[in-house]
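Chain by chain, the residues:
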Amino acid sequence: MTPGFAFILAGLAILFVSGAFEAEVVLTQSLQTQGYLGATDLVRLSAVPWGLGLLFFGYAIDHPEVLWDRVRSRRILAAFLLFADGGIHILAIGEHVDSIAVAFFLVLVPLEFLGGFTIIRASRSIVWAWLLAAVALVGLYVVSRLVVLPLVSQQYVFGPLGVVSKGIEVVLAFALAQELWTTSVIRRPRGVRPATQS
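Note that the structure is a prediction, hence the values are computed from the model and not measured.

Rules and cut-offs
Residues numbered from 1 in each chain as written. Predicted model: local features only at pLDDT ≥ 70, side-chain atom pairs only at ≥ 80, totals over all residues. Heavy atoms only, no water. Core = buried A, V, L, I, M, F, W, Y, C linked by side-chain atoms within 4.5 Å. Buried < 20%, exposed > 50% of the residue type's maximum accessible area, 1.4 Å probe, protein only. Helix = DSSP H or I, 4+ residues; strand = E, 2+ residues; numbered from the N terminus. Contact = heavy atoms within 4.5 Å. Axes fitted to C-alpha atoms, helices over the stretch in contact; angles between N-to-C directions. Left-handed = near helix turned anticlockwise from the far one by under 90°. Nonpolar A, V, L, I, M, F, W, Y, C, P; charged D, E, K, R; others polar. Expected span 1.5 Å × (residues − 1). Salt bridge = Lys/Arg side-chain N within 4 Å of Asp/Glu carboxyl O.

A. Layout of the nonpolar core. With 30 residues, the main nonpolar core has L15, L55, F113, I119, L172 and L176 as its most contacted residues. Breaking this core down by element, the ones donating at least two residues are helix 1 (5–27), helix 3 (39–62), helix 4 (73–93), helix 5 (99–118), helix 6 (124–146) and helix 7 (160–187). In terms of residues, this core owes the most to one element, helix 4, which gives 9 residues. Those residues in contact with L176 that sit more than four places away from it in its chain are A78, I119, V127, W130 and L131. Formed by 7 residues, the second largest nonpolar core is a distinct cluster that contains I93, V102, F105 and L108.

Dropping the structure here:
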């Protein structure tokens with residue numbers, strides 16, 4: 001067991017318990033209860049930053065290169081952005097009333113955390129996949145605020161949590177696009193210079 005593993009495990013436990021709580025609130029329709037809107041709501045909102053903090057700290061202990069590595073700086077940024085976006089999506093579960101939306105986030109959040117752990121050393125195809133996913137998430141958010149999507153019972157509105165999440169995803173897409181462009185230039189073979197007669 002690595003030194004940072006306990007911190008990572010504690011952070012993930014807090015995050016996934018928070019996600020389960022958000023899903024339970026929506027699926028049991030207890031969002032309107034007085035207790036949820038009081039002190040419980042404050043605990044809910046503060047749990048995710050604490051969980052992310054423990055996750056970041058443990059990850060940095062086990063991978064000191066994430067504190068800064070010029071060669072992999074864009075991938076390091078992408079890792080932290082995936083972690084942060086996953087944390088925000090945990091809170092987003094409680095803002096949706098449709099079970100299909102809850103299920104979507106319950107699948108998306110673990111994938112984002114997995115991506116955060118693996119993106120630094122991932123293949124170009126995985127980087128491409130996350131770039132396309134980030135663009136798709138931004139597009140889905142905008143479309144879902146303009147029209148009512150199939151299988152969804154209401155039209156959602158623009159909110160601060162969603163705007164922050166989409167901002168993170170735009171930066172993520174930009175960082176990954178820059179990573180793919182930079183590495184493709186490095187991998188591209190240089191043209192052979194023609195021999196000259198002396």
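There's more to say after this.
B. The arrangement of the environment of V17 in detail. Mapped onto the fold, V17 is located in helix 1. The class of V17 is exposed, set by a relative accessible area of 56%. Spatially, the C-alpha atom of V17 lies 9.7 Å from that of V48, the residues being 31 residues apart in sequence.

C. Seen up close, the packing of helix 5 against helix 6. The geometry of helix 5 relative to helix 6 is characterised by a closest axis approach of 13 Å and an angle of 145° between their N-to-C directions. Crossing handedness for the pair helix 5 and helix 6: left-handed. In this structure, helix 5 uses F104, L108, L111, E112 and G115 to contact helix 6, whose residues at the interface are W130, L137 and L140. Broken down by class, the residue content of the contact of helix 5 with helix 6 amounts to 6 nonpolar, 1 polar and 1 charged.

D. View of the environment of F158. One can find F158 in the loop between helix 6 and helix 7. Along the primary structure F158 and Y141 are separated by 17 residues, whereas in three dimensions their C-alpha atoms are 8.7 Å apart.

E. Main features of the side chain of E179. Mapping E179 onto the fold places it in helix 7. In contact with E179, not counting residues within four places along its chain, are R74 and R75.

F. Representation of helix 4 in the model. In this model, helix 4 (21 residues) spans 31 Å end to end at C-alpha, consistent with the 30 Å of a helix rising 1.5 Å per residue. In terms of burial, helix 4 is a largely internal element, 18 of the 21 residues being buried.

G. Spotlight on the pattern of salt bridges. Under the definition given, this model contains 3 salt bridges. R74 is the salt-bridge partner of E179, the closest N and O atoms lying 3.2 Å from each other. Taken as a pair, E179 in helix 7 and R74 in helix 4 lie far apart in primary sequence, 105 residues in all. For R74, a relative accessible area of 18% corresponds to the buried category. Two residues, E179 and R75, come together in a salt bridge whose shortest N-O distance is 2.9 Å. Of the two residues, E179 sits in helix 7 while R75 sits in helix 4, which places them 104 residues apart along the sequence. The burial state of E179 is the same as that of R75; both residues are buried. Because the salt bridges share partners, they merge into one network encompassing R74, R75 and E179.

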